[in-house]
Amino acid sequence: MNWKIESYKTDVAEISSNDHQPIYTVNVINENNNIVASKEAYGNENLKTVTNQMIARYGQYIAKIEHNG
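What you see is a predicted model, and the numbers here were worked out from it, not measured in a lab.

1. What to know about the side chain of Ser7
Structurally, the position occupied by Ser7 is in strand E1 (residues 3–16). Within the structure, the side chain of Ser7 is placed 2.6 Å from the side chain of His67, a separation counted as a polar contact. In this structure Ser7 touches Thr25, Val26, Leu47, Glu66, His67 and Asn68, once residues within four positions along its chain are discounted.

Next comes the structure, spelled out in structure tokens:
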């Protein structure tokens, strides 16, 4: 399979006046460019966690990981 995980920044959450966290959308996309799964991630640490969850579930199909933004 030739699937990919693609993430991109969709928004910024203001935790406090001096603490902002990016909000990401993480998609698993199949070879026909259809979204198989999608999940939001809050901050860089959560982005890593969500990406690893997607790899754990769909890893046998994943050929590429792209983080945009």
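2. Comments concerning the pattern of salt bridges
A full pass over the atoms with the stated rule returns three salt bridges. Lys4 serves as the salt-bridge partner of Glu6, at 3.7 Å between the closest nitrogen and oxygen. Neither Glu6 nor Lys4 differs from the other in exposure class; each is buried. Lys48 is the partner of Glu45 in a salt bridge, and the nearest nitrogen-oxygen pair spans 3.4 Å. With Glu45 and Lys48 both in helix H1 (residues 43–58) and three residues apart, this pair spans about one turn of that helix. Among the residues examined, Glu45 registers a relative accessible area of 57% and is labelled exposed.

3. Topic: the packing of aromatic side chains
Throughout the structure, instances matching the rule amount to two aromatic pairs. Between the aromatic rings of Trp3 and Tyr58, the centroid separation amounts to 6.0 Å while the plane-to-plane angle is 40°, which identifies the pairing as tilted. With Trp3 in strand E1 and Tyr58 in helix H1, this residue pair connects regions lying 55 residues apart in the sequence. For the pair Trp3 and Tyr58, a shared accessibility class is recorded, and that class is buried. With a centroid separation of 4.5 Å and an interplanar angle of 25°, the aromatic rings of Trp3 and Tyr61 are classed as stacked. Here Trp3 is found in strand E1, whereas its partner Tyr61 is found in the loop between H1 and strand E4 (62–68), with 58 residues between them in sequence. When its relative accessible area of 11% is taken as the criterion, Trp3 is described as buried. Here the aromatic cluster, defined as three or more aromatic residues joined through ring pairs, consists of Trp3, Tyr58 and Tyr61.

Criteria and thresholds
- Residues numbered from 1 in each chain as written.
- Predicted model: local features only at pLDDT ≥ 70, side-chain atom pairs only at ≥ 80, totals over all residues.
- Heavy atoms only, no water.
- Helix = DSSP H or I, 4+ residues; strand = E, 2+ residues; numbered from the N terminus.
- Polar contact = N/O pair within 3.5 Å; in protein donor to acceptor, adjacent residues only side chain to side chain.
- Contact = heavy atoms within 4.5 Å.
- Salt bridge = Lys/Arg side-chain N within 4 Å of Asp/Glu carboxyl O.
- Buried < 20%, exposed > 50% of the residue type's maximum accessible area, 1.4 Å probe, protein only.
- Phe/Tyr/Trp six-rings, centres within 6.5 Å; stacked < 30°, edge-to-face > 60°.

Note that every value here comes from positions in space, so none of it alone points to a role or purpose.
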